[in-house]
Amino acid sequence: MKNYDHKQIEPKWRDYWEKEEIYKTQENKENPKFYILDMFPYPSGAGLHVGHPRGYIATDVSARMMMLKGYNVLHPMGWDAFGLPTESYAIKNKVHPRTATEQNIATFKKQLQKMGCTYDWTREINTTDPEFYKWTQWIFLQLYKKGLAYQSYKPINWCPSCQTGLANEDLEGGKCERCDTEVEQKPMRQWVLKITDYADVLLDDLDKLDQWSSSIVEMQKNWIGRSCGAKVKFEIKNWKSGEKSEYLEVFTTRPDTLFGCTYMAVAPEHQLIENWKFEIENWEEVSQYLEKSKKKTELERTAEDKEKTGVKLEGVVAVNPANGKEILVFVADYVLVDYGTGAIMAVPAHDERDYEFAQKYDLDILKVVQPSKNYKGQITNPPSREEREEKFYTGEGTNVNSDFLNGLETKEAKKKMIKWLEENGYGFTATDYKLKDWVFSRQRYWGEPIPMVHCQKCGTVPAPEDELPVELPEVTHYKPSGTGKSPLANIGEWVNTICPKCGAKAKRETDTMPQWAGSSWYYLRFIDPDNKERLVAKDKDKYWSPVNLYVGGAEHACRHLIYARFWHKFLYDIGVVNYEEPFKRLEHVGIILAEDGRKMSKRYGNVINPDNIIEEYGADAMRVYEMFMGPFNQSVVWSVNGLVGVRRFLERVYSYVNRIIDKESNPLAKERIDKWMKNQQETPKDLASLLHKTIKRVEDDIYKFKFNTAISQLMIFRNALDRKNREEKILSKADVEKFLIILSPFAPHLTEELWERLGHSKSIFYESWPEYKEQLIKEEKREVAIQVNGKLRDTMEVKGNISKQEAVEEAEKRKNIKKWMKNKELIKVVYVEDKLVNFVVK
RNA sequence: GCGGACGUGGCGGAAUUGGUAGACGCGCGUGGUUUAGGACCACGUGGGGUAUCCUGUGUGGGUUCAAAUCCCACCGUCCGCACCA
């Protein structure tokens, strides 16, 4: 008998699958569909490490099971290949980004194929393919038509190292998430997508996504960050003459505290300062402060331990509309220009920041909310809480010192104040969001050109749809120009064009789209990858959408997954797609850490290449191990020892089947083997029960993405086959086959090989998933616990489904139980079917 | 500070509609096999005790016949956001 030789087995079956096209997506309409999708990878130059495939293996396991269960499975793969890393890699290695991309894709594809993944490569897509980005550009044009893509001149995040503008989502604590450089605020013309128009629907529809993890739903809610409150107008005037006057608008979530507003503050960038330049008596001091805060980086400004600073605007005074009192106005950089209106009404008695500022500059602190008695926050940390409460109180309560609001609870007070503001023309209900419009321009080469033309006469004109794609020109100089413009700006023959509207000379837009553009809709293209007329045919979308199961890293919670939902909802609104949400169920994959507990990275030299693992242990061993190492959505540490354990399991499966059918090493048993092959051997009853239990468990666990316990159950079953004095338990051939089928999603090569040795000429993946028999599972013998007063005193083995009476009678006979019940009064007996008997005694 | 997840042997982790804690795997121990090592096979393996037993799921309390699981308080870890008015 030969040993399990994965090097011989695995390539053989991979070739077979490819030739047989067993992964080709079936579209016969009688079967139910299942669209299972991985977040498609960015093909970096480094290739895959063993951490990357965890999600791909999981989708492959699920896809294979769904195939076996008779679904039409769509399980595609593609490449999110535009973006900075490739461009940087290309510049560094002096190759064209396209060449680098092609090379990287080839490497990735080879690696994925080696793992035996079931992708339908006939549907492969690549975001850098003009046939693909034609539609990315098309979507942009539709957004433009609907007024959802516009040009803005506001300051944006600029990464001086990457030489490009960035969206808020691309920052990590004020730094460029890619290169860790602190970003600057740079005013420049850029394209922006009006995602804020979709803020409410993006937020509200999260509640419909009941198959998304709560953590991602919460992250998106926080990111969108809706606050409800009011906008309030304060009159600003020159404090002596009162001649000049205008209104300063603020946003507040606490209009009920308006009577406690004792000063106002505006952000350094606020327009008011420019407008009142000649009224501000201490202009020198003010302008110095503006200079200083401009120099401060975003990080310094927002650092929590930084003391709050500001300068009074001498000569300017505001009027609190509630009580007509004149209050001071400050410029202070704790006020953020891009949230709310860039100005605040300060209520020091009920806001920590305002309190701190008021203390420092000796401003009035007027209490207008009395904490309610049942306010729970007090109890948690009494001394410091009370102490703080004496100074400022941010909770809800009852209004005091507030004229017509006195005695009202916070909620009521808010309503009444808003009503009063509306009646008197001082304000109205308003909602604000943390989510900002999506800065969509990048000043780099390797991205989709934004399909726009600038004409002197006609202004900005969209490229005609029938001229799409606006192709990225093939050039040799694609390094950033250093002027803040895209390298495309240097390519005269490409830039200079004709205005589609008037035919005059015009210039093309030279900004490109961010990396997130293609990934915001790619999942739709897999449904209909070769459609030349439409982005996706409507009937095909109707059949395949939404994605049933979407798997990828949690790091995309607030970027890719918000952007994609935004675009999808837009496409729904303009009638391109049939469903409002793109992804029905979302599972996120935990990171695999290196054996030293750190992230796998070239920098640490701790990267493990899957190619080496496959070479030494086999693709099946790697697959089973990655699924076994821990809960799917938790991060886990890679361990060679664990890998050895699953390899042993596979070897034991292999040797079990081979021992039964190997005629050469066991010639005397030839007759018995023939009988077995004719399915004339029966499975012992206890093993049949266990097998059916295993089928159920594996099936349920794959559905729930609990792969580790599915595998553990498969191991339990294999162990049951040869325990007890080396006596091997022989299953019927049909049951061996059932076992192989339920193992096949995890270890496709091995099971395919054994399937063939059992005399089959067709792939195991043309079989059907076995159905378990509930009756057989119930009949399994089980151990029932016997407790006295809740303490375990004995156990007994019983058949499944015995009555309470039988169980209690049997339990009472036990010597040990008699001992514990002696001289005690029996109060009651608790019986839990198939689990335990508990005697309560006194 | 806000939001989320979580805390179980030497290690990764099972068990959460409350019902035998530690499945499965690693490691370790004993024995077998082997020229030896490895591999393989059998048995054992939370801690304490010769043993009937006692004890045990971050800490302290509570509910219950019964708590890793539910409730309250505290401690700690990880992730996301953060001067958001």
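Keep in mind the model is a prediction, meaning the values are calculated, not measured. (Residues numbered from 1 in each chain as written. Chains lettered and ligands numbered in written order. Predicted model: local features only at pLDDT ≥ 70, side-chain atom pairs only at ≥ 80, totals over all residues. Heavy atoms only, no water.)

Draft legend 1. Here's a closer look at the overall build of chain A. On a plain count of helices and strands, chain A comes out with 30 helices and 33 strands. The buried share of chain A, reckoned over its 842 residues, is 53%. When contacts within chain A are restricted to residue pairs at least 6 apart in sequence, long-range pairs at least 24 apart make up 74% of them. A total accessible area of about 39600 Å² is found for chain A, and carbon and sulfur atoms account for 47% of it. Here chain A carries 128 positive and 129 negative side-chain charges, and the mean point of each set is 4 Å from the other. (Helix = DSSP H or I, 4+ residues; strand = E, 2+ residues; numbered from the N terminus. Buried < 20%, exposed > 50% of the residue type's maximum accessible area, 1.4 Å probe, protein only. Contact = heavy atoms within 4.5 Å. Areas by Shrake-Rupley, 256 points an atom, 1.4 Å probe, with all protein chains shown as cover. Lys, Arg positive; Asp, Glu negative; His and termini not counted. Charge placed at Lys NZ, Arg CZ, Asp CG, Glu CD.)

Draft legend 2. Layout of the packing of aromatic side chains. If you walk through the whole model with that rule in mind, you get 46 aromatic pairs. Three or more aromatic residues link up through ring pairs in this structure, and these residues are Phe140, Tyr144, Trp191, Tyr198, Trp438, Phe440, Trp516, Tyr563, Phe566 and Trp567. The cationic tip of lysine 29 hangs over the ring face of tyrosine 543; the distance from NZ or CZ to the ring centre is 5.1 Å. (Phe/Tyr/Trp six-rings, centres within 6.5 Å; stacked < 30°, edge-to-face > 60°. Lys NZ or Arg CZ within 6 Å of the ring centre and 35° of its normal.)

Draft legend 3. How the structure looks around unusual backbone geometry. Looking along the chain, the bond that leaves leucine 468 and enters proline 469 is cis, with omega of 0 degrees. For the peptide bond that leads from serine 545 to proline 546, omega is -10 degrees, which places it in the cis range. Relative to the elements of secondary structure, proline 546 occurs in the loop between α18 (538-544) and β26 (547-553). With phi around 50 degrees, asparagine 401 is a residue other than glycine that occupies positive phi space. Examined against the element boundaries, asparagine 401 turns out to sit in the loop between β19 (397-399) and α14 (410-423). Taking the relative accessible area as the measure of exposure, asparagine 401 reaches 47% and is therefore partly exposed. Positive phi outside glycine occurs at asparagine 789, with the angle close to 50 degrees. Here asparagine 789 falls in the partly exposed class, since its relative accessible area comes to 43%.

Draft legend 4. Just the state of the cysteines, in detail. Enumeration over the complete set of coordinates arrives at 0 disulfides. There is no disulfide at cysteine 162, and the cysteine sulfur nearest it, in cysteine 179, is 3.7 Å away. The class of cysteine 162 is buried, set by a relative accessible area of 8%. Between cysteine 455, a cysteine without a disulfide, and cysteine 502, which holds the nearest cysteine sulfur, the sulfur-to-sulfur distance is 3.6 Å. (Disulfide = S-S within 2.5 Å.)

Draft legend 5. Focus on the pairing of strand β15 (residues 310-319). Counting buried positions over the 10 residues of β15 gives 8, a clear majority of the element. Here strand β12 (residues 227-238) runs beside β15; their pairing, made up of 4 bridges, is antiparallel. Bridged to glutamate 235 within β15 is valine 319. As paired elements, β15 and strand β16 (residues 326-332) share 6 bridges and run antiparallel to each other. Each residue of the ladder has a partner; that of valine 311, found in β16, is valine 331. Turn length for the β15-β16 hairpin, with the two strands adjacent in sequence and antiparallel, is 6 residues, and the turn residue glycine 324 shows positive phi of about 75 degrees. (Pairing = 2+ DSSP bridges.)

Draft legend 6. Here's a closer look at the protein's contact with RNA strand B. As a matter of local geometry, RNA strand B sits amid 59 residues, with Thr253, Lys308, Arg353, Glu783 and Asn838 nearest to it. When atoms of RNA strand B within 4 Å of the protein are sorted by moiety, sugar and phosphate together comprise 65%. One nitrogen or oxygen atom from the main chain of methionine 629 is found 2.8 Å from a sugar or linking oxygen belonging to RNA strand B. Interatomic distance of 3.5 Å between a side-chain N/O atom of serine 712 and a base nitrogen of RNA strand B. Taken together, the residues of the surface near RNA strand B sort by class into 19 nonpolar, 21 polar and 19 charged. (Near = heavy atom within 4 Å. Polar contact = N/O pair within 3.5 Å; in protein donor to acceptor, adjacent residues only side chain to side chain. Nonpolar A, V, L, I, M, F, W, Y, C, P; charged D, E, K, R; others polar.)

Draft legend 7. Structural context of helix α1 (residues 6-20). Taking 1.5 Å as the rise per residue, α1 with 15 residues should run 21 Å; its terminal C-alpha atoms sit 21 Å apart, in good agreement. When α1 is considered as a whole, its buried residues turn out to be His6, Ile9, Glu10, Trp13, Arg14 and Trp17. Here the buried residues of α1 occupy an arc of 120 degrees about the axis, which is enough to place them on one side. Of the exposed residues in α1, the ones pointing more than 90 degrees away from its buried face are Glu18 and Lys19. Looking at the packing, one finds that the buried side of α1 touches α2 (53-68), α4 (97-114), α20 (610-617), α21 (619-628), α22 (640-661) and α27 (748-757). (Expected span 1.5 Å × (residues − 1). Arc of directions from axis to C-beta.)

Draft legend 8. Seen up close, the sheet that holds strand β2 (residues 72-74). If you walk across this open sheet you meet the 4 strands as β2-β1-β26-β27, and the pairing is parallel. Each edge of the sheet is formed by a strand with only one pairing partner; in this case those strands are β2 and β27 (583-589). Averaged over all pairs of adjacent strands, the angle between their axes in this sheet comes to 20 degrees, without regard to strand direction. The sheet contact formed by strand β1 (residues 33-38) and β26 spans 3 bridges and is parallel. Residue leucine 37 lies in a different strand from β26, and its bridge partner there is tyrosine 550. (Axes fitted to C-alpha atoms, helices over the stretch in contact; angles between N-to-C directions.)

Draft legend 9. Quick peek at the nonpolar core. Formed by 175 residues in total, the largest nonpolar core has its most connected members in Trp438, Tyr522, Leu535, Trp567, Trp638 and Phe746. Here this core gets 10 residues from one element, more than from any other, and that element is α22. With 36 residues, the next largest nonpolar core counts Leu248, Ala322, Ile327 and Val368 among its residues. (Core = buried A, V, L, I, M, F, W, Y, C linked by side-chain atoms within 4.5 Å.)

Draft legend 10. Region of the structure containing the side chain of lysine 733. Residue position: lysine 733 is located in helix α26 (residues 733-743). A relative accessible area of 10% means that lysine 733 is categorised as buried. For lysine 733, the contacting residues outside a window of four places in its chain are Trp676, Met677, Asn679, Leu758 and His760.

Draft legend 11. Summary view of the sheet that holds strand β10 (residues 184-187). In space, the 3 strands of this open sheet follow the order β7-β6-β10, with antiparallel pairing throughout. Of all the strands in the sheet, just β7 (164-166) and β10 have a single pairing partner and so form its edges. On average, each strand axis in the sheet is tilted by 55 degrees relative to the strand beside it, whichever way the strands run. Across 3 bridges, the pairing between strand β6 (residues 155-159) and β7 is antiparallel.

Draft legend 12. Looking closely at the environment of isoleucine 742. Note on placement: isoleucine 742 falls in helix α26. Under the relative-accessibility criterion, isoleucine 742 is labelled buried at 0%. In this structure isoleucine 742 touches Thr694, Ile695, Val698, Leu714, Trp769 and Pro770, once residues within four positions along its chain are discounted.

Draft legend 13. Representation of the pairing of β1 within the structure. Counting buried residues in β1 gives 6 out of 6 residues, a clear majority hidden from the surface. Side chains of β1 alternate between two faces, with Lys33, Tyr35 and Leu37 and Phe34, Ile36 and Asp38 buried alike. Of the pairings in the sheet, the one linking β1 to β2 comprises 3 bridges and is parallel in character. Paired with lysine 33 across the two strands is asparagine 72, which belongs to β2.

Draft legend 14. Just the packing of helix α24 (residues 685-703) against α26, in detail. Where α24 meets α26, the axes come as close as 10 Å, and the angle between the chain directions of the two elements is 20 degrees. When the axes of α24 and α26 are compared, the pair comes out roughly parallel. By crossing handedness, the relation of α24 to α26 is classed as left-handed. Two secondary-structure elements touch here, α24 through Leu691, His692, Thr694, Ile695 and Val698 and α26 through Asp735, Lys738, Phe739 and Ile742. The residue makeup of the contact of α24 with α26, split by class, is 5 nonpolar, 2 polar and 2 charged. (Parallel < 35°, antiparallel > 145°, perpendicular 65-115°, else oblique. Left-handed = near helix turned anticlockwise from the far one by under 90°.)

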